[in-house]
Amino acid sequence: MKLRIQFSKYGPLRFIGHLDVMRFFQKAIRRAGIDISYSSGFSPHQIMSFASPLGLGVESRGEYLDIQVNEPTGNSPAKIPMNAQEMKDRLNAVCVEGIEIVRIVRLPENAGNAMASVAAASYTAAMKQDEAVRQAGVSLSDFSCLESVIPAFLAQEQIFITKETKKGVSQMDIRPGLFSLSVHDGILEFQVDASSAGNIKPYALLDALLSFAGKDTPPFWAVQFTRLETWTRAGADGKLIPLGDVGEAF
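The present account deals with the structure reproduced in this document. None of these values were measured; they are calculated from a predicted model. (Residues numbered from 1 in each chain as written. Predicted model: local features only at pLDDT ≥ 70, side-chain atom pairs only at ≥ 80, totals over all residues. Heavy atoms only, no water.)

Digging into the overall build of the chain
Counting secondary structure elements, the chain contains six helices and 11 strands. Its C-alpha atoms give the chain principal-axis dimensions of about 70 × 45 × 35 Å. For the chain, the accessible surface area stands at approximately 13100 Å², while carbon and sulfur atoms represent 51% of it. (Helix = DSSP H or I, 4+ residues; strand = E, 2+ residues; numbered from the N terminus. Areas by Shrake-Rupley, 256 points an atom, 1.4 Å probe, with all protein chains shown as cover.)

And the structure:
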């Protein structure tokens, strides 16, 4: 049985990397008594797939993890909770502060894995209001100044950013992958392409927008980015839906 787990990552744990998150869930799943399936071969490992690695320092409410669990049989004790709520409670009981299970759904057998399914991600960006930011002389206190320039920014046919890859530096047009952009109460909100082919980093978008507005871009550490949701495409029209909406309750 394939399951999709949505979880939040916040607080000090936003500074731990993807590999550490993966190791954490490997241990948490064992401690919760979930009968996860293992691969075959000389060195078996838990069958799991994460949707999209989160950048260091970024918080999230919309992280996803796919696992495969064994169905209980009449000849062995059932290690799988009978419903999603019990599994959620068991996992949250062994999670540390900064990781919280939001929901668990059962996936259709033909569902693609989490990583291959990612099409977009939505974020907020807010200026941190601490002493370190003030001492650094950062001029921006929030992003209210961007509200008036966003219509002209979005009206551009092309928006180029500089992207560094293993093959060198290249120019990338992010306009096709910029799905929405707005400011509410000084906080920037946006939805961008997060697929493997057109992944747009939130800081790169912020830099492009501030440059267009004639503003200096604050250092990365002065901005708190939060991933609100991770999206996939569904149906003949390719409508964007949250990854968790692919499955069903059990």
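There's more to say after this.
Observations concerning unusual backbone geometry
One non-glycine residue, Asp-185, lies in positive phi territory at about 55 degrees. Position of Asp-185 among the secondary structure elements: in the loop between strand S8 (178–184) and strand S9 (187–193).

With respect to the environment of Ile-104
Within the secondary structure, Ile-104 is located in strand S4 (residues 99–106). Considering only alpha carbons, one finds Ile-104 and Ala-116, 12 residues apart in sequence, at a separation of 19 Å. When near neighbours in sequence (up to four residues on either side) are disregarded, Ile-104 contacts Leu-3, Arg-4, Ile-5, Ala-84, Met-87, Lys-88, Leu-91 and Phe-250. (Contact = heavy atoms within 4.5 Å.)

Quick look at the packing of aromatic side chains
Inspection of every chain in the model, using the stated rule, returns nine aromatic pairs. Between Tyr-203 and Phe-225, the aromatic rings sit 6.4 Å apart at their centres with planes inclined by 85 degrees, giving edge-to-face as the arrangement. Of this pair, Tyr-203 sits in helix H6 (residues 202–212) while Phe-225 is found in strand S10 (residues 223–234), placing the two residues 22 residues apart along the sequence. Phe-225 gets classed as buried once you look at its relative accessible area, which sits at 1%. (Phe/Tyr/Trp six-rings, centres within 6.5 Å; stacked < 30°, edge-to-face > 60°. Buried < 20%, exposed > 50% of the residue type's maximum accessible area, 1.4 Å probe, protein only.)

What to know about helix H2 (residues 84–94)
Along H2, the residues that are buried comprise Ala-84, Met-87 and Leu-91. Each buried residue of H2 lies within a common arc of 65 degrees when the element is viewed along its axis, so the set occupies one face. Structurally, H2 contributes buried residues whose contacts are with strand S1 (2–9), helix H1 (18–31) and S4. Where H2 begins, the side chain of Asn-83 points an oxygen toward the backbone nitrogen of Gln-85, at a separation of 3.1 Å. (Arc of directions from axis to C-beta. Polar contact = N/O pair within 3.5 Å; in protein donor to acceptor, adjacent residues only side chain to side chain.)

Points about the pairing of strand S5 (residues 120–127)
Of all eight residues making up S5, seven are buried, and the element is well covered by its neighbours. Of the strand pairs in this sheet, S5 and S9 are connected by six bridges, and their pairing is antiparallel. Bridged to Tyr-123 within S9 is Phe-190. As paired strands, S5 and S10 are joined by eight bridges and run antiparallel to one another. Within S10, the residue paired with Tyr-123 across the bridge is Arg-227. (Pairing = 2+ DSSP bridges.)

A short note on the pattern of salt bridges
Here the structure, examined in full by the defined rule, presents eight salt bridges. The partner of Asp-66 in a salt bridge is Arg-4, with the nearest N and O atoms 2.7 Å apart. With Asp-66 in strand S3 (residues 59–68) and Arg-4 in strand S1, this residue pair connects regions lying 62 residues apart in the sequence. Side by side, Asp-66 and Arg-4 carry an identical accessibility label, which is buried. (Salt bridge = Lys/Arg side-chain N within 4 Å of Asp/Glu carboxyl O.)

With respect to H6
Taken as a whole, H6 has its buried residues at Pro-202, Ala-204, Leu-205, Leu-206, Ala-208, Leu-209 and Leu-210. Residues of H6 that are buried sit in contact with S5, helix H5 (150–154), strand S6 (160–165), S8, S9 and S10. Positive backbone phi, approximately 75 degrees, marks Gly-214, located one or two places after H6.

With respect to the side chain of Ser-52
Note that Ser-52 resides in the loop between strand S2 (48–50) and S3. Residues within four places of Ser-52 in sequence aside, it is in contact with Glu-63, Val-118 and Arg-227.

Quick word on the nonpolar core
Of all hydrophobic cores here, the largest spans 39 residues; its most connected members are Phe-143, Phe-153, Leu-181, Leu-188, Phe-190, Leu-205 and Leu-209. Tallying contributions element by element places H6 first for this core, with six residues. Formed by 26 residues, the second largest nonpolar core is a distinct cluster that contains Phe-25, Ala-28, Val-69 and Ala-84. (Core = buried A, V, L, I, M, F, W, Y, C linked by side-chain atoms within 4.5 Å.)

Notes on the side chain of Ser-122
Position of Ser-122 relative to the elements: it lies in strand S5. The contacts of Ser-122, once residues within four sequence positions are left out, are Phe-190, Gln-191, Thr-226, Arg-227, Leu-228, Glu-229 and Trp-231.

In short, geometric facts, not functional conclusions.
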